[in-house]
Amino acid sequence: MLVLVASSGASVEVTCDASTTVLDFQKALAANSCVPTNDQLLLFDGKRLSADDVLGAYSLPGEAEDKCPSDETGKHHAKFMYLYRKSWLHGGEDLEGDSYSVTSPDDESTKDELTQSDLQSTANEELLPWFLETFQRHVGYAVKQYNSSCERLVECKKLIQEMRVQLFAVDSAVDTAKLPYARLLEKHAVFVKDNSELITKHKAQLQSFEIDLTTLRETRLKEPVLREKDAGDETSEKKLKNNLLDCVPEGKILKWESDCRESHETFIIKLDDLNATVEELKQTTTLLFEANESYVDVSTLAEEATLEKRNCETQNEIVQTLDNDLLAVKLLIEYSASTSITDEDAVGVQGGSEHNEKDSSFVTLEQIRKLNVQNDLHLTRLVPEIETACNRFKEFHRRCVEGKALLTETFRSILQTVATVQTHIRDINNKHDLFAECALKLREKFVELTIVSVVPRAYEACLVESERRGTCDELLAMKARNIANGFVKETEKESERHQLFFMQHARFLPPDVLCRLGLREPLQGYEITYGGVALVSGAAVSGAAAEDGALVEDNSASLDRITDLTLENTRLRAQVASLTEKTEETG
């Protein structure tokens, strides 16, 4: 699995599987990265790996990236495994040195200087070796400069890759603080809102305390009340309660007000300190989160590395040209050595590669002149071009080295800032919890103090309720009297109906039959009271209405009486009929 070493920007390959413990993985890293196990902090997908877990608990190594980050990777840095140094988080010294140093290629060689005085000799056996030696120096110098540039380019690419890794490590470390910081701001906004409302409420309550106390003193009781003796004090005299202040413990209330005011002011001071801490944290995190790659523009350096690669190709072309010129001198020397130079077989050279046949003295002098022109071209254009390109590589390499050093120092500072921010976030969250407890206790204290403002309102409400209840009692009493009168009337009507029914029907039947039918039950006695005062009452009335005039006493008497009444009725009807006939006859 690929691990990016944040402190140096290097990458390390470690063989592992899902069952490998994090501790074993750290030991393997210690052997490959020079970072001791007790100084390692592993981070993957924003989570810190615990030494007691296995890699499979973090979906490793399956979900980890297996290629080093590049320009195409973009900002998707979460799926890399990062190795941080714990000592860097707190500004401590490295437990073991893994400091990074860059060695520059050897630059001791310098080009030879050629003068025109070197060309004054007219002997070919002296000039051609001189040109051979000079061109060899040119080629050697160019090759050395070219190799130096290639080494610097490779070193610069390595530095750029390590800086890219460090930038990804910075982003990953910063992201571990972003989510807790956002949650903290949301929590603190609610916290400030709630406590601001609480402070405003308590402030108004304290400001109105003297007014409420004066209201208690000036509010007279409608009816003075005799105050009870103090508990355990038999000598104390009973006093009248004339106002509302006499109804509350004035000494306790004054002490409550003093305690509440002190707690209120202390709470405000602590809240201001907490807000100042949060503002300081905001400034720190703003600088941390808004930091970009401006301190080291790795993308620009990567683009420059691409351009410098083309410069290497240009240097290579110059080396090839110088090498071709050297080859031409060598061929000319070989040719001169194998044949005597004559007017018929003289060989001309142009551009280090062309042969012209002319007379002996003319061709030889022309060749020497052209070699001198080529030498001037080397000194005036080709060698200075390769030297300029090499110096450009030196400057580019220097900027890469300085950028790496700056980024490493900045990276270490950012890690310390992230650790500080996380510590502040944890401390502020703890303070929020403590403030919640303090706010609860403060509310409880002010609840006791509310008696000063509640008592006058409560007494006023009691007065209104007393008046309402008096009115209601009168209304209910009037309704009760109306109901009692109606009940009396209904009872009298029912009693009269019972008597009428008895005279018409019930008196002709035996008492036991009437009892069986429930017709001898008297009306229930009643009494209507309201407020403990009897409005009306009535005694039980017999269903037989007038028992002293009852027709029957028992069953036999009832039958005899019925028989006599029947005979009497028959006799009376007969008399009425006789009188009627006599009247008709008389008429």
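Residues numbered from 1 in each chain as written. Predicted model: local features only at pLDDT ≥ 70, side-chain atom pairs only at ≥ 80, totals over all residues. Heavy atoms only, no water.

Trainee: What's the story with helix 5 (residues 250-289) in this structure? I'm lost.
Mentor: The α-helix winds at 3.6 residues per turn, so residues separated by three or four positions along the chain end up facing the same way. A rise of 1.5 Å per residue sets the reference length of helix 5, with its 40 residues, at 58 Å; its end C-alpha atoms lie 57 Å apart and thus fit the reference within 8%. Residues of helix 5 that are buried: Ile253, Glu257, Cys260, Ser263, His264, Phe267, Leu271, Leu274, Val278, Leu281, Thr285 and Leu288. (Helix = DSSP H or I, 4+ residues; strand = E, 2+ residues; numbered from the N terminus. Expected span 1.5 Å × (residues − 1). Buried < 20%, exposed > 50% of the residue type's maximum accessible area, 1.4 Å probe, protein only.)

Trainee: Can you walk me through the sheet that holds strand 2 (residues 11-13) in this structure?
Mentor: As a general point, the strands of a sheet are linked pairwise by backbone hydrogen bonds and lie either parallel or antiparallel. One open sheet holds the five strands; their spatial order is 2-1-5-3-4, and the pairing between them is mixed. Taken across any chain shown, the strands that pair with only one partner, and hence form the sheet edges, are strand 2 and strand 4 (47-48). Where strand 1 (residues 2-5) meets strand 2, three bridges bridge the pair, whose relative direction is antiparallel. Pairing of Val3 across the sheet is with Val12, part of strand 2. The sheet contacts of helix 1 (residues 22-33) involve strand 1, strand 2, strand 3 (40-44) and strand 5 (81-85), and relative to strand 3 the element is tilted by about 115°. (Pairing = 2+ DSSP bridges. Contact = heavy atoms within 4.5 Å. Axes fitted to C-alpha atoms, helices over the stretch in contact; angles between N-to-C directions.)

Trainee: Help me understand the environment of Thr284 in this model?
Mentor: Along the chain, Thr284 falls in helix 5. Distance in space between the C-alpha atoms of Thr284 and Val421 is 7.6 Å, their sequence separation being 137 residues. Once residues within four sequence positions are removed from consideration, Thr284 is found in contact with Thr417 and Val421.

Trainee: Is there a simple way to think about the pattern of salt bridges in this case?
Mentor: Between side chains of opposite charge, a pair can form as their charged atoms come close. Going through the model one piece at a time under the given rule, you end up with 15 salt bridges. For the salt bridge of Lys404 with Glu162, the shortest nitrogen-to-oxygen distance reads 3.9 Å. One end of the pair, Lys404, is in helix 7 (residues 360-449); the other, Glu162, is in helix 3 (residues 124-207), and 242 residues separate them in sequence. Comparing Lys404 with Glu162 shows no difference in burial state: the two are buried. (Salt bridge = Lys/Arg side-chain N within 4 Å of Asp/Glu carboxyl O.)

Trainee: What is the right way to look at the confidence of the model for the protein chain in this model?
Mentor: Do not read the predicted coordinates in detail wherever pLDDT is low. For the protein chain, the mean per-residue pLDDT works out to 77, and 76% of the residues sit at or above 70. Ignoring residues within four places in sequence, the model shows residues 94-123, a span with pLDDT below 50, making 59 contacts including any to other chains. Contacts of residues 540-559 to residues separated by more than four positions or lying in other chains number 34 contacts, the stretch itself having pLDDT below 50. (pLDDT = per-residue confidence, 0-100.)

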